[in-house]
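# Architecture at a glance
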Amino acid sequence: MTKIVMYWNNICVLHRRELSHLAHCKEVLARQDIDLQATCFGLGYPRHMSDYLRDPDPILPDIIVSADLEVFEDRRIFRHMETDLLPIRQWYDTKSDEGVPTVDLGEKLLPYLIIPLVFYSHDTSCDVSASLEQVAAEGREIAFGGINNSAAKSVVKTVWSRYGRDMASTLFRRAVVTGMPVQSFQLAKTDAVPLALVPSLFAVNTTEGIAFCPNDGAVAVPSYICVRNSIGRKTASKVLDLLFEPAFLRFFVEQGNLISALKGSPPQPWMERRGSKLQITTPKWLDETHPQDFYRFYCEHIPAADRHD
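Reference entry: report on the structure contained in this document. What you see is a predicted model, and the numbers here were worked out from it, not measured in a lab.

## Concerning the packing of aromatic side chains
All told, the structure shown has 20 aromatic pairs when counted by the stated rule. Arranged with centres 5.1 Å apart and planes meeting at 65°, the rings of Y7 and F41 form a pair that is edge-to-face. Of this pair, Y7 sits in strand 1 (residues 2–9) while F41 sits in the loop between strand 2 (34–40) and helix 2 (49–53); the two residues are 34 residues apart in sequence, bridging distant segments of the chain. With a relative accessible area of 6%, Y7 lands in the buried category. Linked through ring pairs, F144, W160, F172, W285, F294, Y295, F297 and Y298 together constitute an aromatic cluster. Here R17 stacks its cationic end above the ring of F251, 5.4 Å away from the centre of that ring.

## Quick notes on unusual backbone geometry
At E98, a position not held by glycine, the phi torsion is positive, near 60°. Here E98 lies in the loop between helix 4 (75–78) and strand 4 (110–121). Given a relative accessible area of 14%, E98 falls into the buried group. With a phi close to 65°, D191 is a non-glycine residue in the positive phi region.

## Description of the pairing of strand 7 (residues 196–199)
Across 4 bridges, strand 4 lies against strand 7 in antiparallel orientation. Bridge pairing in strand 7 links F119 to L197. One ladder, built from 2 bridges, connects strand 5 (residues 142–145) with strand 7; its direction is parallel. Of the residues in strand 7, the one forming a bridge with F144 is L197.

## Re the packing of helix 1 (residues 15–30) against helix 11 (residues 246–256)
When two helices pack together, their arrangement is captured by the angle between the axes and the distance separating the axes. Between helix 1 and helix 11, whose axes approach to 11 Å, the crossing angle comes to 175°. It follows that helix 1 is roughly antiparallel to helix 11 by the angle criterion. For the pair helix 1 and helix 11, the contacting residues are R17, E18 and H21 in the first and A247, F248, F251 and F252 in the second. In the contact of helix 1 with helix 11, the residues fall into 4 nonpolar, 1 polar and 2 charged.

## Notes on the side chain of T206
Tracing the backbone shows T206 in the loop between helix 9 (200–203) and strand 8 (210–212). From its side chain, T206 meets the backbone nitrogen of E208 in a polar contact 3.2 Å long. With sequence-adjacent residues up to four places away left out, T206 is seen in contact with Y120, F185 and K189.

Conventions we followed
Per-chain numbering applies: the sequence of each chain, read as written, is numbered from 1 onward. The predicted origin of the model limits local features to residues at a pLDDT of at least 70 and limits the giving and counting of side-chain atom pairs to 80 or more, whereas totals for whole chains, interfaces and linings rest on all residues. Computation of side-chain values: all heavy atoms of the structure, hydrogens and water removed. Stacked, edge-to-face and tilted labels apply to pairs of Phe, Tyr and Trp rings (six-membered ring for Trp) whose centres lie within 6.5 Å, assigned for plane angles under 30 degrees, over 60, and everything in between, in that order. Helix and strand assignments follow DSSP, with helices taken as H or I runs no shorter than four residues and strands as E runs no shorter than two, numbered in order from the N terminus. Under the scheme applied here, a residue whose accessible area is under 20% of the maximum for its type counts as buried, over 50% as exposed, and between as partly exposed, the area being computed with a 1.4 Å probe on protein chains only. Whether a charge lies above a ring is judged from NZ of Lys or CZ of Arg, which has to be within 6 Å of the ring centre and within 35 degrees of the ring normal. Think of it this way: DSSP has to see at least two bridges between two strands before they count as a pair. Axes here mean lines fitted to C-alpha atoms, for a helix over just the part in contact, with angles spanning 0 to 180 degrees between N-to-C directions. Roughly parallel refers to an angle under 35 degrees, roughly antiparallel to one over 145, roughly perpendicular to one between 65 and 115, and oblique to any angle outside these ranges. We call two residues in contact when some of their heavy atoms are within 4.5 Å. Ten residues, namely Ala, Val, Leu, Ile, Met, Phe, Trp, Tyr, Cys and Pro, are considered nonpolar, four, namely Asp, Glu, Lys and Arg, are considered charged, and the remaining ones, Gly among them, are considered polar. Here a polar contact means two N or O atoms within 3.5 Å. Within protein one must be a hydrogen donor candidate and the other an acceptor candidate, and residues neighboring in sequence count only if both atoms are side-chain atoms.

By themselves, these observations are geometric and do not establish any function.
The following block contains the structure:
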């Protein structure tokens, strides 16, 4: 039996459904003489995937599925696997709309699911034309969360990379940064802060207040799939095809208000109706900014954050 090791750190809030589907995948693959061994990281588990991969000699898997973006964005981690990755992006077509091209990072990383971070306010009369740039430049009171995961880091990286380091500093002037995104949502829902930047999963599903996209685009927190050359394309595709089962992708789109990147998968109705776009940390910034510099800046403004500098 062929053993395939997969590391998984995807959509933590919907993880129960993920576990159910991974068990289904294991059963299907066993009938094809493949032993899928999935190891999960993130919320509810001892470590984030990026923390484990920072170890001096981590055991690398055959397949990675991760919304822990430090795995791909922190060059100190990614360089240890980059040369071994197969051109998975060439194997599957992704959407040309819904902002999906924005998150394309080259042939070795395949966008999977995208969490849009959108504005939410309990005050339905708030300015729904606001942009993230405007909010940051004016140092408005805003909450966002996920200090030690990709959510808060993506907000800061996106502002810094697109609008400058000084703008990122100004963002923190009256920002409330919470441990988890749901805490930021609760602050806005209870009027403790006038505005929050939170996952669409929370903002769109509530019957109170108003959710709207930043005028310059929802901050995207994508998950990516990559495959090491420890297995071949034919074997890897047997696993990936199961991860792309229509019912599984539809669950994330309908229940989580997420964007599925795979071409032909269901569109995200809430985003589609608004013609909304996405923004993300620019590849140029990732190339030019050392992770140590980012973490020094990040921990200067959020002393509670885990240090990786």
